[in-house]
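Architecture at a glance
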Amino acid sequence: EWFVVHLLLRLTKEYPDVIARVSDSDDGEFLLVEAADHLPAWVESEEDAAGRVFIFQGQLRLVPSPHNVQAPVLLPAAGSLLADPEGMEQAIKVVMDPHIGPQLTRVPPAVETTILSRLR
């Protein structure tokens with residue numbers, strides 16, 4: 001699975017309009033499990049981040065819930081987006097928005113460093 005993450009990071013960097021998600025049937029958002037000690041405070045459980053982790057332009061992205069940030073856009077409702085097609089669509093729009101996506105969804109540097117170190 002880590003090789004797939006490596007490929008997705010490269011693919012999304014090479015093709016900037018491509019967005020990807022990766023999860024595991026056992027661990028769910030395994031990227032966040034790996035970096036659990038460095039996640040934002042609003043991620044109290046795996047359910048809080050289910051369906052909110054993306055790889056875009058070679059970077060990890062995490063779409064916050066509207067209860068946890070002040071944002072100039074409509075964010076998907078709190079909780080899992082896995083069974084919410086409209087929420088997932090909104091999350092993708094937020095990630096891909098060049099004006100707010102990078103500031104709003106980029107994971108903390110410690111999360112990205114932890115994940116990238118796992119790939120080496």
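Residues numbered from 1 in each chain as written. Predicted model: local features only at pLDDT ≥ 70, side-chain atom pairs only at ≥ 80, totals over all residues. Heavy atoms only, no water.

Let's talk about the overall build of the protein chain
- Counting secondary structure elements, the protein chain contains six helices and three strands.
- Ordered by position from the N terminus, the helices and strands of the protein chain form the series α-β-α-α-β-β-α-α-α.
- A globule of 120 residues ought to have a C-alpha radius of gyration of about 14 Å, and the protein chain, at 13 Å, matches this closely.
- On the principal axes, the C-alpha backbone points of the protein chain span a range of 35 × 30 × 25 Å.
- The buried share of the protein chain, reckoned over its 120 residues, is 42%. (Helix = DSSP H or I, 4+ residues; strand = E, 2+ residues; numbered from the N terminus. Rg over C-alpha atoms; globule rule 2.2 N^0.38 Å. Buried < 20%, exposed > 50% of the residue type's maximum accessible area, 1.4 Å probe, protein only.)

A short note on the pattern of salt bridges
- Tallying each qualifying case throughout the model produces four salt bridges.
- Two residues, arginine 118 and glutamate 34, come together in a salt bridge whose shortest N-O distance is 3.4 Å. Placement of the pair is arginine 118 in helix H6 (residues 109-119) and glutamate 34 in helix H2 (residues 30-34), with a sequence separation of 84 residues.
- What makes glutamate 34 partly exposed here is its relative accessible area of 34%.
- The residue glutamate 112 makes a salt bridge to arginine 106 at a minimum N-O spacing of 2.6 Å.
- Residue classification places glutamate 112 among the buried residues on the basis of a relative accessible area of 12%.
- Residue class for arginine 106 comes out partly exposed when judged on its relative accessible area of 39%. (Salt bridge = Lys/Arg side-chain N within 4 Å of Asp/Glu carboxyl O.)

Some remarks on the packing of helix H1 (residues 2-14) against H6
- Interaxial distance between H1 and H6 falls to 9 Å at its minimum, and their mutual angle equals 115 degrees. Taken together, the axis directions place H1 and H6 in an arrangement best described as roughly perpendicular. The two elements H1 and H6 cross, and the hand of that crossing is left-handed. Counting all contacts with H1, which are made through Trp2, Val5, His6 and Leu9, the residues of H6 involved are Ile115, Leu116, Arg118 and Leu119.
- Taken together, the residues of the contact of H1 with H6 break down into six nonpolar, one polar and one charged. (Axes fitted to C-alpha atoms, helices over the stretch in contact; angles between N-to-C directions. Parallel < 35°, antiparallel > 145°, perpendicular 65-115°, else oblique. Left-handed = near helix turned anticlockwise from the far one by under 90°. Contact = heavy atoms within 4.5 Å. Nonpolar A, V, L, I, M, F, W, Y, C, P; charged D, E, K, R; others polar.)

Some points on the packing of aromatic side chains
- Tallied over the full model, the rule gives one aromatic pair.
- Judged by centre distance (5.2 Å) and plane angle (85 degrees), the ring pair of tryptophan 2 and phenylalanine 30 falls under edge-to-face. Of this pair, tryptophan 2 sits in helix H1 while phenylalanine 30 is found in helix H2, placing the two residues 28 residues apart along the sequence.
- Looking at phenylalanine 30, the relative accessible area reads 4%, which means it is buried. (Phe/Tyr/Trp six-rings, centres within 6.5 Å; stacked < 30°, edge-to-face > 60°.)

So yeah, pure geometry; function would need other evidence.
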